Amino acid sequence: HADEHGPALAVEEAGDRLKVDPGVPARVSGISAQGAPPAFQLERKRSGVTTEADYVRIITQKTASFISACCRIGGLLGGLPVARIEALTRYGLDIGVAFQISDDSLDFVANQDRLGKAIGADLREGKRTLPLIAMLERARPAEAARARELLGRHALGPAEVEEIRRYVVEHDGVEYALRRAHEYAQAAKADLEAFAPSEERDLLTLVADFVVDRDR
């Protein structure tokens, strides 16, 4: 119906579905509630220690849970069986994590003009992203100590941002992060095996590839 009559009718039909089935909001609450305030992220920042598990938890709360909820709502409104709704929910989580890891990696290596924002913006904001976490685990002790000392400062200048960025690139922080992003993208594609082959499934597969292979 949406293809024939346009997005306005699709929104109207979705609204009708929510009115008819008041249980829909309750059934998505398990996902949307994950988008809790960033208290945990602030706690990790203040401690100066953020592990990969901490990072995945943070981006799941901030990004992946939202994408997952959108996918889940689509399945609920479409009246899909429970198993397929759960598959879409997992798909949204996996591509959400993959997308955010890829986005955080671009902050170190992207073409600034194509990216549309300054390289190193996350560093200036004090964010501990996966490329940075991976570098701190792989760098020589003196370099890791130097990076942590810089990260502990109230503000970073351009030369300090470039120094940290160089450490990340030299110690394959971006390469490690992108490998992890591709693993999540592969998991997202595996989630789609709950559906029979179709143009829609192919499109969702392409989305999983795009979120990790983009350059902006």
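Residues numbered from 1 in each chain as written. Predicted model: local features only at pLDDT ≥ 70, side-chain atom pairs only at ≥ 80, totals over all residues. Heavy atoms only, no water.

Take helix α10 (residues 141-151) next. Among the residues of α10, those classed as buried are Glu143, Ala144, Ala147, Leu150 and Leu151. The buried residues of α10 occupy one face: seen down the axis, they fall within an arc of 125 degrees. Facing away from the buried side of α10, by more than 90 degrees, are the exposed residues Pro141 and Ala142. Contacts from the buried residues of α10 go to α8 (121-124), α9 (130-138) and α11 (158-170). (Buried < 20%, exposed > 50% of the residue type's maximum accessible area, 1.4 Å probe, protein only. Helix = DSSP H or I, 4+ residues; strand = E, 2+ residues; numbered from the N terminus. Arc of directions from axis to C-beta. Contact = heavy atoms within 4.5 Å.)

Turning our eyes to something else, we now look at the packing of helix α6 (residues 82-109) against α9. Where α6 meets α9, the closest approach of the two axes is 8 Å, and the angle between their N-to-C directions is 70 degrees. In terms of orientation, α6 lies roughly perpendicular with respect to α9. Here Ile101, Asp104, Ser105 and Phe108 of α6 lie close against α9, whose contacting residues are Leu130, Pro131 and Leu132. Class assignment for the residues of the contact of α6 with α9 results in 5 nonpolar, 1 polar and 1 charged. (Axes fitted to C-alpha atoms, helices over the stretch in contact; angles between N-to-C directions. Parallel < 35°, antiparallel > 145°, perpendicular 65-115°, else oblique. Nonpolar A, V, L, I, M, F, W, Y, C, P; charged D, E, K, R; others polar.)

This part takes up the packing of helix α5 (residues 52-77) against α6. Where α5 contacts α6, the two axes come as close as 7 Å, and the packing angle between them is 140 degrees. Classified by the interaxial angle, the pair formed by α5 and α6 is oblique. Along this stretch, α5 crosses α6, giving a crossing that reads as right-handed. (Left-handed = near helix turned anticlockwise from the far one by under 90°.)

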